[in-house]
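Here's the letter readout for the chains.
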Amino acid sequence: MSGDVATQAVLARDLHVRRGEIEALSGVSFTIATGRLTGLFGPSGSGKSTLIRAIAGVQADVEGELRVLDLPAGSAELRHELGYMTQAASVYEDLTVAENVRYFAHLRGAKVGDVLERVGLHEQTHQLVRRLSGGQRARVSLAAALVGSPRLLLLDEPTVGLDPLLRRELWGLFGELASAGATLLISSHVLDEARHCDDLILLRDGNLVAQLTPAELVARTSTEDMDEAFVRLIEQA
Amino acid sequence: MRGSAARTLATARRVLLQLRHDPRTVVLMIVVPCVLETLLRLIYAHRRVAFDHAGAPLLAIFPLTTVFLVTSIALLRERTSGTLERLLTTPLGRLELLIGYALAFGLLAAAQAIVASALTLGPLGLHVRGSDGLVVVLAVSVALLGMGLGLLASAFARSEFQVVQFLPATILPQLLLCGLLVARAQMPAGLHALSDALPMSYAVDGMKHLTSEATPVAALWGDIAIVLAFAAGALLLGAGTLRRRTP
């Protein structure tokens, strides 16, 4: 059992979340392995953000078992281990890029380090976030999640709206972080990005469609086209 | 403990940096009270006592309205932009966040009070019996009250339009009942009781103790204590509205 605990960063059993009239998650169970890059895929409205918010400990009305780094989700101790990037760029528009990242570094008792180089914002360091493009703002928000090297990174659509070259660079960065020992859960609705992940969790209408590796997905659906693979998987289910 | 102090100070610094990038707001906060006090002095050009009577309470009303507005909008933005949700997933505690804000806005209110009272007590000739520093102490206490009320307003507003409407809704009734227009003792019993329940009454009473001959200056400390108690109550209630888990 203790061996299991060490290799599981997140354990979810029969997770239910109601948001008003809608059941955003209806009985989802999965585990996320430590030190791996797990992609959370599904169409818009499938429950990806709700699931990430539940793991981050900010979602109300979560039922079922949810353990994060061997503690109940939302435990105060976890806040030292967690880097969370919300779907909207949640940074201060009236601060510069550097001021934003330095603030989040201070909250974690960490140094800024090279995080701005890693997200490709070193040339915008002293610009106000208000003056940046949407894609640049998203990267400031990403940098604020990465700073201080948290053990568990929960990134809600970090690559949305970015140009393909930058997306590839960021997926490269996520891979490096996982190799260095961090656990990453990254949501995206661009199924093509699934090929960059070690593991995949596929959601649809608040239900888990499948949890498998990209290779298993290709093998099970006999297609390299990720959109097509997703469709075939749903038809099989 | 060291981490807690560091996070609180980092938050105060962040709030002050946000203000530094918005110099127009800061200039307005400092200049508008001076312009209004000058205007009042001109209106009461030949009535020194009337100027003392109205000019002193105004020094306590400025920090209340100023800090109410900046707090309510700043916290509404934290709530709606997602930064609050993110902050609450970091080691930053809710009390650390609020104390950080209080340090920043307290400093701002002190700067406003120092400039406004230097002008009002100096060139404009408002007569104060106690030390000038007491005006600043009262102003900072009132600023904390403004912050508590602004924090509460931010919890009940969904947009910046709404939150601005809470200013006349919460501050103007207090202004009518605080004794600035009619002495509280001369109000009908019901209104007097109501004014007893409103914090601005004590802020204005405090300033009156500083200017009038009728009461000892030391009575001011009782009013400051009451203002601070209201501020603490509003801040604690407001802290309860900073929910970590939201639907």
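This structure is a prediction, so every number in the text was calculated from the model and none was measured.

What's the story with the interface of chain A and chain B in this structure? I'm lost.
How big an interface is tends to be stated in terms of accessible area lost as the parts join. Opposite the 28 residues of chain A that make contact, chain B presents 23 residues. Listed by contribution, the elements that provide at least two residues to the side of chain A that touches chain B are β6 (82–85) and α3 (97–107) of chain A. Broken down by element, the residue count for the side of chain A that touches chain B peaks at five residues, all from α3(A). For the side of chain A that touches chain B, the per-class residue count stands at 13 nonpolar, nine polar and six charged.

What should I look at first to understand helix α6 (residues 132–156) of chain B in this one?
Each α-helix winds once per 3.6 residues, and so residues spaced three or four apart point in a common direction. Between its first and last C-alpha atoms α6(B) spans 37 Å; for 25 residues at 1.5 Å apiece the expected length is 36 Å, and the two agree. The element α6(B) is extensively covered by neighbouring structure, given that 20 of its 25 residues are classed as buried.

Any chance you could explain the sheet that holds strand β4 (residues 62–68) of chain A here in plain terms?
Residue and element names in this part refer to chain A. Strand order in the open sheet formed by four strands is β2-β1-β4-β5, with antiparallel pairing between adjacent strands. In this open sheet, the two strands that pair with only one neighbour each are β2 (22–33) and β5 (71–72). Where strand β1 (residues 8–19) meets β2, nine bridges bridge the pair, whose relative direction is antiparallel. Looking at β2, one finds that R19 is bridged to I22. Contacts from helix α2 (residues 48–56) reach β1, β2 and β4, with the element oriented near 120° to β1.

I tried to follow the pairing of β4(A) on my own but got confused; where do I start?
Residues and elements named next belong to chain A. Strand direction decides the pairing type here: β1 and β4, joined by six bridges, are antiparallel. Looking at the pairing, V10 lines up with V68 of β4. Bridge count for β4 against β5 is two bridges, and the pairing is antiparallel. Along β5, the bridge assignment pairs V68 with L71. Turn length for the β4-β5 hairpin, with the two strands adjacent in sequence and antiparallel, is two residues, and the turn residue L69 shows positive phi of about 45°.

Please explain the confidence of the model for chain A as it appears in this structure.
Per-residue confidence for chain A gives a mean pLDDT of 93, with 97% of residues at or over 70. Looking across chain A, the model is least confident in helix α1 (residues 2–7) of chain A, with a mean pLDDT of 55, and most confident in α3(A), with 98.

Can you help me understand the environment of P216(B) in this one?
Residue and element names in this part refer to chain B. Structurally, the position occupied by P216 is in the loop between α9 (199–211) and α10 (219–240). Take P216: there are 10 C-beta atoms within 10 Å of it, and that puts it in the exposed class. Residues P216 and G130 lie 86 residues apart in sequence; the distance between their C-alpha atoms is 9.4 Å.

Mind showing me how you'd approach unusual backbone geometry here?
For residues that are not glycine, phi is negative in most cases, and the peptide bond is trans in most cases. All names here are of chain A. Positive phi is not limited to glycine here, since D14 has a value of about 50°. Along the chain, the position of D14 falls in strand β1. Located in the positive-phi region is S149, a residue other than glycine, with phi close to 45°. Tracing the chain through its elements places S149 in the loop between α5 (134–146) and β7 (152–156).

Each value, and the rule that gives it
Residues numbered from 1 in each chain as written. Chains lettered and ligands numbered in written order. Predicted model: local features only at pLDDT ≥ 70, side-chain atom pairs only at ≥ 80, totals over all residues. Contact = placed C-beta atoms within 7 Å. Helix = DSSP H or I, 4+ residues; strand = E, 2+ residues; numbered from the N terminus. Nonpolar A, V, L, I, M, F, W, Y, C, P; charged D, E, K, R; others polar. Expected span 1.5 Å × (residues − 1). Buried ≥ 20, exposed ≤ 12 C-beta atoms within 10 Å, placed from the backbone. Pairing = 2+ DSSP bridges. Axes fitted to C-alpha atoms, helices over the stretch in contact; angles between N-to-C directions. pLDDT = per-residue confidence, 0-100.

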